[in-house]
Amino acid sequence: MRATRFPLSTLRETPADAEVISHQLMLRAGMIRRLASGLYTWLPLGLRVLRRVEQIVREEMNRAGALEVLMPAVQPAELWQESGRWEKYGPELLRLQDRHSRPFCFGPTHEEVVTDLFRREIRSYKQLPVNYYQIQTKFRDEIRPRFGVMRAREFLMKDAYSFHLDGECLSREYELMHATYCRIFERTGLAFRAVEADTGAIGGSLSHEFMVLADSGEDAVAVCAESGYAANVELAPSLPPQSPRAAPEEAMEEVATPEQRTIAEVSAFLGVEASQHIKTLVVEGRDGGLVALLLRGDHSLNEVKTEKHPAVAVPLAFASAERVEAVLGCPFGSLGPVGLAERGAVVIADYAVAHLSDFVCGANREGYHLRGVNWGRDIAEPECADLREVVAGDPSPDGAGPLVIRRGIEVGHIFQLGETYSEAMAAKVLDEAGEERTVTMGCYGIGVSRVVAAAIEQNHDAQGICWPGPLAPFQVALVAIKAEQPEVHEAAEDLYAELMASGIDVFYDDRDLRPGVKFADMELIGIPHRLVVSPRGLQEGLVEYKGRCDEAPITLAREEVVAWLKSR
RNA sequence: CGGGGUGUAGCUCAGUUUGGUAGAGCACUGCCUUCGGGAGGCAGGGGCCGCAGGUUCAAAUCCUGCCACCCCGACCA
């Protein structure tokens, strides 16, 4: 491709409304343009990258035996009413009406449509298992789209749905998809981890997320280097401390802590470390009462795990300040477990809290705290549960060494769905005995457009994007310096022709611009390899080469350039 | 939905307080010089100052309403 036939539309300045680096660079490199909130046009350069991701995904899905289909983006409400999601799905579902006032939605996902397809097409167990997939535009009316295509409303997704007679077959397909996803992300050249994930409201027994590791990632994952354990921190259990609790040394006393409300304030005021404090959070209980959750001062609440506790209302809701004062007779800043059960709250302690001795907590009296408090002596032994977010250094749940916390961007998610949709929509086949059997399902998603943004979050520098080779819009940038000199022009054209002929995807910057401008553009758009033809080198039959991430260029003999590049 | 902010050229932003003929840099067009790291000069093109009302001799500027976008939070999974 020649630059004179491929307008780059790069920007020197960063558009003001782009917050994260991938969004900034995608705009500056001229990959995307915003049309409206959460809606983006892919320009030629960006589309080349998107297509590369798509192609890797398609090849590996095909290789795994999945069957590509293309389902409508617009779906009739009927199907969603049948599955029950027309009512359940919130305002994220974009609802439409056609000219006859019949209700439709723009699909945020395709379980209903694919289940309908399945029940119409597949009759016999002999046709199972089957895995349909598509690469298609989805729409989710996010409350707050942001970060460019990272969290857009309209986005490109690969979604796959498998159908099985039994759970064993589903498990095999799940494992195959797990392996296929690993191959896909390995091929993209990105650093990623497969992590155990919460199944959320979709339910099902097993779920993994695929995370591209990047410091700017929205998700936190807990990883154990020794065992390979990896899970979303939403899910990662914390183990109860193994050592015995230290014996009490201090007597319990009430101390005045005027105007000291937060753990940090009380900790500084009393000169006691936050890890010796108990933090008391009050949430709504399932039975309509209040539940007090006790956490160590330096720990934070894990809402996903907490919601699974039978005493806690779903969804998790913090009690209002008014309600806490009315029921417990004390404001937030001075709450503590001592005497709280008597005031009518269910008290649940995190395991780490139950392990404390001589701790500090609120006195349930405004402006006062207790110190030197001990379980079994000053207050009954608590009911315990796993309530907290794991932190770096915690033991891995499988008992093998410490956890490390890393940030990740969720780019893939696989679920064992079970019979939720096949049951609701009567997706059945005849088994060997001629009996009707409801099938069991898996679903497997990859955020194709998000992979592009995630790749940039993980691979960029001050100059711009540093594409991993498999995702790069072009492999080689060819820059001619002093191209107005006939020898240079001829040599560059000649090299361009040779690169093209040998199948190398080359971007030839034949624009009549100063070298600095061309170099800056080639680096911004992140082409992995750069060749420079100049009068200086040409005299000695040399061409300059520089990798996008290299410190300094090297020189190559003109004759060996193409062969050398092909070996890279 | 609540709070905060911003809307002026393709991009980044002045100008609004204190009403008086629409600005700069970058980008774009032409010419000249320059040319291995985002050159310089000269000459140009490009604006419903978010939209609609209102006040005024006069509105980018003041008032009212609306819209869009961004940030924080809540919501959602």
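Conventions used here
- Residues numbered from 1 in each chain as written.
- Chains lettered and ligands numbered in written order.
- Predicted model: local features only at pLDDT ≥ 70, side-chain atom pairs only at ≥ 80, totals over all residues.
- Heavy atoms only, no water.
- Helix = DSSP H or I, 4+ residues; strand = E, 2+ residues; numbered from the N terminus.
- Buried < 20%, exposed > 50% of the residue type's maximum accessible area, 1.4 Å probe, protein only.
- Contact = heavy atoms within 4.5 Å.
- Areas by Shrake-Rupley, 256 points an atom, 1.4 Å probe, with all protein chains shown as cover.
- Core = buried A, V, L, I, M, F, W, Y, C linked by side-chain atoms within 4.5 Å.
- Domains from an automatic or database assignment.
- Axes fitted to C-alpha atoms, helices over the stretch in contact; angles between N-to-C directions.
- Parallel < 35°, antiparallel > 145°, perpendicular 65-115°, else oblique.
- Left-handed = near helix turned anticlockwise from the far one by under 90°.
- Nonpolar A, V, L, I, M, F, W, Y, C, P; charged D, E, K, R; others polar.
- Pairing = 2+ DSSP bridges.
- Near = heavy atom within 4 Å.
- Polar contact = N/O pair within 3.5 Å; in protein donor to acceptor, adjacent residues only side chain to side chain.
- Salt bridge = Lys/Arg side-chain N within 4 Å of Asp/Glu carboxyl O.

1. A word on the overall build of chain A
Link 1 in the chain: Scanning chain A from N- to C-terminus turns up 16 helices and 30 strands.
Link 2 in the chain: By principal-axis analysis of the C-alpha atoms, chain A measures approximately 95 × 70 × 50 Å.
Link 3 in the chain: Residues classed as buried in chain A amount to 52% of the 568 residues present.
Link 4 in the chain: Partitioning the intrachain contacts of chain A with sequence separation of at least 6 by distance along the chain shows that 68% fall at a separation of at least 24.
Link 5 in the chain: If you sum the accessible surface of chain A, you get close to 25700 Å²; carbon and sulfur atoms cover 50% of it.

2. With respect to the side chain of Gln260
Link 1 in the chain: Looking at the element boundaries, Gln260 is found in the loop between strand 13 (253-256) and helix 7 (263-270).
Link 2 in the chain: Note on Gln260: relative accessible area 17%, which makes it buried.
Link 3 in the chain: Setting aside anything within four residues of it in sequence, one finds Gln260 in contact with Glu265, Val266, Phe269, Gly333 and His369.

3. Some remarks on the nonpolar core
Link 1 in the chain: Counting residues in each nonpolar core, the largest one holds 68 residues, and the members touching the most others are Met31, Tyr181, Phe185 and Trp467.
Link 2 in the chain: Lining this core are residues from two domains, each supplying at least three of them: domain 1 (31-191 + 420-456) and domain 3 (474-566).
Link 3 in the chain: Among all residues touching Met31, those that are not within four sequence positions of it are Met26, Thr41, Trp42, Leu43, Leu45, Gly46, Val49, Val452, Ile456, Ile465 and Trp467.
Link 4 in the chain: Within the second largest apolar cluster, 28 residues are counted, among which are Ala77, Tyr132, Leu165 and Leu417.

4. Some remarks on the packing of helix 2 (residues 44-63) against helix 6 (residues 167-188)
Link 1 in the chain: One way to put it is that helix 2 packs onto helix 6 with a least axis distance of 10 Å and a crossing angle of 150°. What the angle tells us is that helix 2 and helix 6 run roughly antiparallel. As for the relative orientation of helix 2 and helix 6, their crossing is right-handed in sense. Counting all contacts with helix 2, which are made through Ile56, Val57, Glu59, Glu60, Met61 and Arg63, the residues of helix 6 involved are Met177, Thr180, Tyr181, Arg183, Ile184, Arg187 and Thr188.
Link 2 in the chain: A breakdown of the residues in the contact of helix 2 with helix 6 according to their chemical character gives 6 nonpolar, 2 polar and 5 charged.

5. Details of the pairing of strand 8 (residues 154-164)
Link 1 in the chain: Among the 11 residues of strand 8, 10 are classified as buried, and the element is accordingly described as predominantly covered.
Link 2 in the chain: Pairing of strand 7 (residues 130-139) with strand 8, which is carried by 10 bridges, proceeds in the antiparallel orientation. Paired with Ile135 across the strands is Lys158, a residue of strand 8.

6. A look at the protein's contact with RNA strand B
Link 1 in the chain: Inspection of the region around RNA strand B gives 30 residues, with Arg12, Ile143, Arg144, Glu523 and Ser534 positioned closest.
Link 2 in the chain: Take the atoms of RNA strand B that sit within 4 Å of the protein: sugar and phosphate atoms are 52% of them.
Link 3 in the chain: Between RNA strand B and the protein, one listed contact pairs a phosphate oxygen with a side-chain N or O atom of Lys482 at 3.0 Å.
Link 4 in the chain: The separation between a base nitrogen of RNA strand B and a polar side-chain atom of Asp521 is 3.3 Å.
Link 5 in the chain: Looking at the surface near RNA strand B, the elements with two or more residues in it are helix 14 (515-525) and strand 28 (529-533).
Link 6 in the chain: Sort the elements by how many residues they give to the surface near RNA strand B and helix 14 lands first, with 7 residues.
Link 7 in the chain: For the surface near RNA strand B, a count of residues per class yields 10 nonpolar, 4 polar and 16 charged.

7. What about the domain arrangement of chain A?
Link 1 in the chain: Assigned domains of chain A: these are domain 1 (31-191 + 420-456), domain 2 (253-385) and domain 3 (474-566).
Link 2 in the chain: Each of domain 1 and domain 2 has a C-alpha centre, and these two points are 44 Å apart.

8. A few points about the pairing of strand 17 (residues 359-362)
Link 1 in the chain: Across 3 bridges, the pairing between strand 17 and strand 18 (residues 368-373) is antiparallel. Bridge pairing in strand 18 links Cys361 to Leu370.
Link 2 in the chain: Count of turn residues in the strand 17/strand 18 antiparallel hairpin: 5 residues, of which Asn364 carries a positive phi of about 60°.

9. Remarks on the pattern of salt bridges
Link 1 in the chain: Summed over all chains, the structure comprises 39 salt bridges.
Link 2 in the chain: In this structure, the salt-bridge partner of Glu60 is Arg187, at a minimum N-O distance of 2.9 Å. A residue pair is termed long-range when its members are at least 10 positions apart, and Glu60 in helix 2 and Arg187 in helix 6 qualify at 127 residues.
Link 3 in the chain: The class of Glu60 is buried, set by a relative accessible area of 4%.
Link 4 in the chain: Accessibility expressed as a relative area gives 32% for Arg187, which makes it partly exposed.
Link 5 in the chain: The salt bridge partner of Asp159 is Lys138, with a shortest N-O separation of 2.9 Å. Placement of Asp159 in strand 8 and of Lys138 in strand 7 is noted, with a sequence separation of 21 residues between them.
Link 6 in the chain: For Lys138, a relative accessible area of 0% translates into the label buried.

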